[in-house]
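So you can see what is in the structure, the chains are spelled out below.
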Amino acid sequence: MTETPASHTLPATAGETSAERPWPVRHLSPKIGDFVSRLPAVWVEGQVLNVKRWRHLVFLTLRDTDENMSLSATLPAREADALGVDLVDGTRVVIHAKPEWWTRSGSLQMAGREVRQVGLGDLLARLEALKEALAREGLFDLDRKVPLPFIPRVVGLVCATQGDAEHDVVENATRRWPGVTFAIRRVTVQGPRAVPETTAAIRELDAIEDVDVIVVARGGGSFEDLLPFSDEALVRAAAACETPLVSAIGHEKDSPLLDLVADYRASTPTDAGKRIVPDAAAEAQGIARSRVTMAAAVERAVARESAGLAALRSRPVLARPEAMLAPYAEAVTRLRERSTTVTTARIDRAVAATRELTASLRALSPLSTLERGFAVVRDAAGTVVRDAADVHAGDVLRVRLARGEVEAVARG
């Protein structure tokens with residue numbers, strides 16, 4: 001019997017393993033099984049896929065309703081039969097199961113013990129609870145909603161890869177406004193891929209500067225098919241969208257939560273196509289009517305002002321404006337005549353007074369004495385000579401006569 005050398009004994013813990021001393025699969029898989037066996041049973045919800053029956057067991061895949069995740073599961077055939085409905089793809093169930101590890105294949109599956117169908121009442125109750133919670137946060141408040149642009153530069157459209165919703169939106173919008181441009185993002189509109197794809201498309205379009213409005217469209221469907229449009233992650237992404245958003249899911253009876261958070265709810269994709277752009281023909285008619293109305297208003301204003309101007313011109317004061325000035329002209333003439341008379345009289349009186357003053361001035365002036373032959377003698381400094389003793393031989397004297405002056409030299 002060969003003994004295993006001490007150097008080949010397996011590490012006691014995972015932390016002691018290395019490239020030189022690994023655990024073999026046969027050693028690790030049971031350890032994982034021991035760990036998984038200690039996990040408790042749990043109630044888990046999902047959609048049923050790939051149902052297969054083998055003897056007393058039903059094998060199936062349980063897929064998440066919102067994300068692309070799934071788990072393998074088994075159910076006792078008696079529990080599946082007692083459910084009362086056929087387990088077909090898409091059936092929503094809740095399974096009470098315990099995780100089990102299959103050591104040979106290295107796979108995990110949920111060993112179901114009980115199964116219940118998720119009824120419409122349960123879904124409605126959950127949806128109503130989410131609706132109330134989001135409403136308390138104010139996500140549905142009217143003051144959060146923004147008006148749609150009158151003429152969008154680019155319309156972002158989120159729709160199914162196949163279906164009539166895209167055609168209905170594009171056709172009706174183009175028919176109303178031929179110049180409209182679309183940025184289309186085609187996504188899965190039901191199933192686990194619907195929420196992440198639609199959310200990503202909304203965020204992508206919201207980041208494009210030229211996109212002025214976003215339309216999320218789907219051509220109706222069953223209540224269960226429309227559940228992704230009530231998903232909390234999708235609703236919050238729509239609430240955070242800064243671009244005006246139109247919900248066109250097309251389900252009148254059971255309105256998804258996206259309708260409540262959107263800035264505008266269209267009843268159908270066709271309605272959305274008509275709402276996001278104006279009607280070019282109607283706008284042209286409106287412009288034509290406005291031009292006619294404005295022209296008529298201008299004509300009425302011109303006619304009214306012309307009539308008023310004619311009325312003013314027909315008044316006597318404007319027809320013969322000189323008549324208004326006649327009384328004042330007569331008064332001005334009288335005042336001019338009076339002022340002329342008064343001024344002439346005053347001038348005459350002033351002339352007479354001037355003559356009298358001139359005569360008096362001449363009588364008192366030394367010139368009158370000079371006129372009688374007298375003269376005024378001044379020395380070189382201009383001083384009047386009154387005494388002959390003040391004059392010396394050779395002094396230059398100036399003699400002022402009645403008319404003019406002469407110079408003289410004194411002699412001894």
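Located above this text is the structure these notes cover.
What comes next is a walk through the structure. Quick caveat: nothing in here was measured; it's all calculated off a predicted structure.

A few words on the overall build of the protein. Along the protein, the regular secondary structure elements total 12 helices and 13 strands. Here the protein has a C-alpha radius of gyration of 59 Å; the compact-globule value for 412 residues is 22 Å, and the former is much larger. C-alpha extents for the protein along the principal axes are approximately 190 × 80 × 35 Å. The 412 residues of the protein split such that 30% are buried. Considering only contacts in the protein between residues 6 or more positions apart, those separated by 24 or more positions represent 59%.

Moving on, we get to a nonpolar patch on the surface. Taken together, the side chains of Leu312, Val317, Leu318, Met324, Leu325 and Tyr328 present a nonpolar region at the surface, about 590 Å² in accessible area. At the level of secondary structure, the elements contributing two or more residues to the nonpolar patch comprise helix H10 (316–319) and helix H11 (321–364). With respect to the element layout, methionine 324 can be found in helix H11.

So, about the nonpolar core. Counting 36 residues, the largest nonpolar core has Val158, Val216, Phe229, Leu245, Leu258 and Val261 as its most contacted members. Counting only elements with at least two residues in this core, the list comes to helix H3 (120–136), strand E6 (154–160), strand E7 (182–187), helix H5 (194–206), strand E8 (211–217), helix H6 (232–240) and helix H7 (257–261). The contact partners of phenylalanine 229, leaving out residues within four places of it in the chain, are Val189, Val216, Arg218, Leu234, Val235, Ile249, Pro256, Leu257 and Leu258. Counting 18 residues, the second-largest nonpolar core is a separate cluster that includes Cys159, Ala165, Phe182 and Val213.

Mapped onto the elements of the fold, aspartate 390 is located in the loop between strand E11 (376–378) and strand E12 (396–400). When its relative accessible area of 53% is taken as the criterion, aspartate 390 is described as exposed. Put simply, aspartate 390 and aspartate 379 are 11 residues apart on the chain and 9.3 Å apart in space, counted from C-alpha to C-alpha.

Thresholds applied
Residues numbered from 1 in each chain as written. Predicted model: local features only at pLDDT ≥ 70, side-chain atom pairs only at ≥ 80, totals over all residues. Heavy atoms only, no water. Helix = DSSP H or I, 4+ residues; strand = E, 2+ residues; numbered from the N terminus. Rg over C-alpha atoms; globule rule 2.2 N^0.38 Å. Buried < 20%, exposed > 50% of the residue type's maximum accessible area, 1.4 Å probe, protein only. Contact = heavy atoms within 4.5 Å. Patch = residues over 30% accessible without salt bridge, like charges linked within 9 Å, V, L, I, M, F, W, Y side chains within 5 Å. Areas by Shrake-Rupley, 256 points an atom, 1.4 Å probe, with all protein chains shown as cover. Salt bridge = Lys/Arg side-chain N within 4 Å of Asp/Glu carboxyl O. Core = buried A, V, L, I, M, F, W, Y, C linked by side-chain atoms within 4.5 Å.

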